[in-house]
Structure formats: C-alpha cells, structure tokens
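# Structural description and commentary
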Amino acid sequence: MLNVRVERKRQVADEICSFHLVSATGEPLPSFTAGSHVDVHLPGGLVRQYSLCGDPGDAGQYILGVLKDPASRGGSIAMHSIEEGSEIQISAPRNHFPIEDGAGHSILLAGGIGVTPLMAMARALSSERRSFELHYCTRNLARTAFKEELLQGAMSDRVHLHLDEGRGERFDAEAVLRGRFRPDAHIYICGPAGFIEAMISAAKEAGFAESQVHREYFAAPKVAPSELGDGVFQVQIKSTGAIHQILPEETVVQVLGRHGIEIETSCEQGVCGTCVTRVLEGVPDHRDVYLTDQEHVENKLFTPCCSRACSPMLVLDL
Ligand code: FES
C-alpha cells in the first residue's frame, strides 16, 4: 500500500478530472510501465482501479483521469469528491495491459475515458520513438480529455480525434484497420464494453490475429451467464486434497477465503485478472472479460472471483 497526496486536481473535460498523486511520505513512488493501473482506496471503503495516464518516465508522480459516471457503482463519485491536498492510499501499480515489446507499429483505440491507459502508451511510444497512432473516439470536444496535449503537443501528428457530434471525422474502424494490417502491428483497445466488442470485431475482419489485439475493460459487460454454472459445484485444492462446495450465491474466492485460502482480488468482476488461477481438471464456466477467447477454450485458467464451473468439480492448482 502506498500513501499518496493529491498534489493537483484539474478539470480536463466535462465531468472528467485528472488527479496528480505524489508520495506523502517522501519515499519515491515505484516505477510503472504504460498500461498499468492502481487500486485506489476511496472514502467509504470502496476500492476502484484507475489506469495511470501520465508519462512512465516521470518517476515523481502518478496521474489518473476519472470520469464522474452517475451510472457507476459509486467509485467515480467518491473519487471526484477528493480535494487537492488530501491523502489517500493506493496499491503499487500493476500492469495487465502492457505494450508488446516487439511491435513494429501500435494502434491505440480509445473510447471516451478509455483514453487513460492509452495516453500512457502514447507517451511511452513517443519518447521511445516507436511507430504508433492513437484514435480517440468521444462524444464532442467538451468531453475530450487531455485535448490540448493530444492535439497541440509533440504527438499531435499521430492523434486522430473522432467525434460523435459536430466537427471531426467519424471513425470507420474496419476501413482504418484494413489499411493498417501488418503482421508485426498490435492493437490496444480501451473503452466501454460495446466499443471494445466493435473494435475487436473490426480488427478480426481486417485480418488481425487474436494475439495482435489487446483490450482492457473498465467494468464487466452484462453477459448472460450460462445456466450450467449457476448451480452447486465443488473445487478441490490440489496441494491438500481438500474439497469445498460452492453454493449458487457464493463465489469460489469467498468460500476459499472462509477456509483460510486467500486468493488476491481487485475488481471482483472478472475485469482485472488479479485472481487468475490455474485449473488442473474440470471445465470452468468463464464469466470474465479478462482472459482471451483462446484461453477460455483451453480451460487451463479461470477467474475465481466471478467464474463458476460447468463440470461437477474443478481441481485448482493451489
Ligand atoms: Fe479482477 Fe478476479 S479480481 S478478475
């Protein structure tokens, strides 16, 4: 856990604030790589994940960009209530959405506030003089965060703004991606679930392999769970042989936690990948959006914070 102080809070677009966090103890902040996020411990006991959107080369501060979303579960409203000078606790940065080292070209696709991890990527790629382009889709200029830096700064020639309303080109993802296909290109997508699904399908149509397409959700999309996993099932702990029953209203993480088997979690909704656990036997009912389609088919990993089982038992590598 890190104790940080909000050194600066700034309105960067309608309903979007940036928070500049510095160490509250004088200890240097851990370094981070583009695509990282931190868990922020908010007033009222809420814990929420926010991407770091600042320059990974700037060791002195972390920058978050947060949209006040009335439809959220309360985290963004609590975050916006934090004032300059406040001290808060955050986790060390973790990265489940890294830039591929060998990418010859990177295509960053942002929907709304999904621009935050991609800002850090754009800054890193720009300072490493690597080839990239950023497509940022927002409703209008008033809702466009970090627009001065993106449109007038050093990377402005690589930034394409696509507005739903008013001036600006609409984004035809399929057409753009078709023209960009190359075997060493990688695509990074962040935004609302519908945006991500549309971009993944456009990338597939344009010929990109699943291994070339990377995405990060903010929250789990509403997926219809399979009825198979709704019932009772068992999990066996490989190291001890102990068997635990999972009732319909409980998660694997909750049941194992009650028996002293702690699995680290963060989002608890299948988004962040913190709880990913190896499955040795049995068939999971995957309810996460973190693992890839290929990983879901392979059934070697699952997310015990939300996923369940299609088979009567899962043997877990714990
Ligand atoms: Fe985030 Fe399970 S805790 S995916």
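The structure reproduced in this document is the subject of the present report. (Residues numbered from 1 in each chain as written. Predicted model: local features only at pLDDT ≥ 70, side-chain atom pairs only at ≥ 80, totals over all residues. Heavy atoms only, no water.)

## Focus on the state of the cysteines
Any covalent bond linking the sulfur atoms of two cysteines counts as a disulfide. Put simply, the rule is: Any cysteine sulfur atom paired with another within 2.5 Å is treated as part of a disulfide. Buried, partly exposed and exposed residues are distinguished by accessible area as a fraction of the type maximum, computed with a 1.4 Å probe on protein chains only: under 20%, between the cut-offs, and over 50%, respectively.
Taken as a whole and assessed by the stated rule, the structure comprises 0 disulfides. Unpaired in this structure, Cys190 has its nearest cysteine sulfur neighbour in Cys53, at a distance of 11 Å. The class of Cys190 is buried, set by a relative accessible area of 1%.

## Description of the sheet that holds strand E9 (residues 132-138)
Counted only if it meets this: For two strands to be treated as a pair, DSSP must find no fewer than two bridges joining them. The secondary structure listing takes helices from DSSP runs of H or I that are at least 4 residues long and strands from runs of E that are at least 2 residues long, numbered from the N terminus. All axes here are fitted lines through C-alpha atoms, helices being fitted over the stretch that makes contact, and every angle between N-to-C directions spans 0 to 180 degrees.
Spatially, the 5 strands line up as an open sheet ordered E10-E9-E8-E11-E12, and their pairing is parallel. The sheet is open, and its two borders are formed by strand E10 (159-163) and strand E12 (213-217), each paired with just one other strand. Within this sheet the neighbouring strands show an average axis-to-axis angle of 15°, counted without direction. In terms of strand pairing, strand E11 (residues 185-191) meets E12 through 5 bridges, oriented parallel.

## Notes on the nonpolar core
Keep this limit in mind: Here the nonpolar core consists of buried residues drawn from Ala, Val, Leu, Ile, Met, Phe, Trp, Tyr and Cys, with membership extended through side-chain atoms lying within 4.5 Å. The contact criterion used throughout is that any non-hydrogen atoms of two residues lie within 4.5 Å.
With 33 residues, the main nonpolar core has Leu108, Leu118, Met121, Phe146, Leu150 and Tyr188 as its most contacted residues. Sorting the residues of this core by element identifies strand E1 (2-13), strand E5 (62-67), strand E8 (105-111), helix H2 (115-127), E9, E10 and E11 as the ones contributing at least two each. Looking at this core, the element that brings in the most residues is H2, giving 8 residues. Beyond its immediate stretch of four places on either side in the chain, Leu150 contacts Met119, Leu134, Tyr136, Ala145, Met155, Ser156 and Val159. Core analysis: the next-biggest nonpolar cluster, separate from the first, contains 23 residues, Ile107, Leu177, Phe208 and Val271 among them.

## Re helix H5 (residues 193-205)
Let me state the cut-off plainly: The span expected for a helix works out to 1.5 Å for each residue beyond the first. Comment: arc refers to directions from the helix axis out to C-beta atoms.
Along its 13 residues, H5 runs 18 Å from first to last C-alpha, staying within 8% of the 18 Å computed at 1.5 Å per residue. Residues of H5 that are buried include every one of Phe195, Ile196, Met199, Ala202 and Ala203, and no others. The buried residues of H5 occupy an angular sector of 130° when projected down its axis, which confines them to one face. Turned more than 90 degrees off the buried face of H5, the exposed positions are Gly194, Lys204 and Glu205. Immediately beyond the C-terminal end of H5, within one or two residues, lies Gly207, with a positive phi of roughly 100°.

## Structural notes on the pairing of E8
Quick note on the threshold: By convention a crossover is right-handed if, when the strands point away from the viewer, the path from the first strand over the helix to the second runs clockwise.
Burial analysis of E8 places 7 of its 7 residues in the buried class, which makes it a mostly covered element. Covered by surrounding structure in E8 are His105, Ile107, Leu109 and Gly111 together with Ser106, Leu108 and Ala110, the residues of both alternating faces. Where E8 meets E11, 6 bridges bridge the pair, whose relative direction is parallel. Along E11, the bridge assignment pairs Ser106 with His186. Alignment of E8 against E9, held across 6 bridges, turns out to be parallel. Within E9, the position partnered with Ile107 by the bridge is Glu133. Regarding topology, H2 serves as the crossover connection from E8 to the parallel E9, and that connection is right-handed.

## Thoughts on the environment of Leu118
Mapped onto the elements of the fold, Leu118 is located in helix H2. C-alpha separation for the pair Leu118 and Cys190, spaced 72 residues apart in sequence, amounts to 7.5 Å. When sequence neighbours within four positions are dropped, the list of residues in contact with Leu118 reads Phe97, Leu108, Leu109, Ala110, Leu134, Tyr188 and Cys190.

## Let's talk about the packing of aromatic side chains
Threshold: Planes of paired rings set the category: under 30 degrees apart is stacked, over 60 is edge-to-face and the rest tilted, where pairs are Phe, Tyr or Trp rings (Trp by its six-membered ring) whose centres lie within 6.5 Å.
Scanning all chains against the criterion turns up 3 aromatic pairs. For the pair Phe97 and Tyr188, a centre-to-centre distance of 6.2 Å together with 70° between the ring planes defines the contact as edge-to-face. Separated by 91 residues along the polypeptide, Phe97 in the loop between strand E7 (94-95) and E8 and Tyr188 in strand E11 bring together distant segments of the chain. Given the relative accessible area of 2%, Phe97 is considered buried. Taken together, a centroid distance of 5.1 Å and an interplanar angle of 75° make the contact between Phe181 and Phe208 edge-to-face. Here Phe208 lies in the loop between H5 and E12 and Phe181 lies in the loop between helix H4 (173-180) and E11, a separation of 27 residues in the sequence.

Everything listed is a geometric property; what it means functionally is a separate question.
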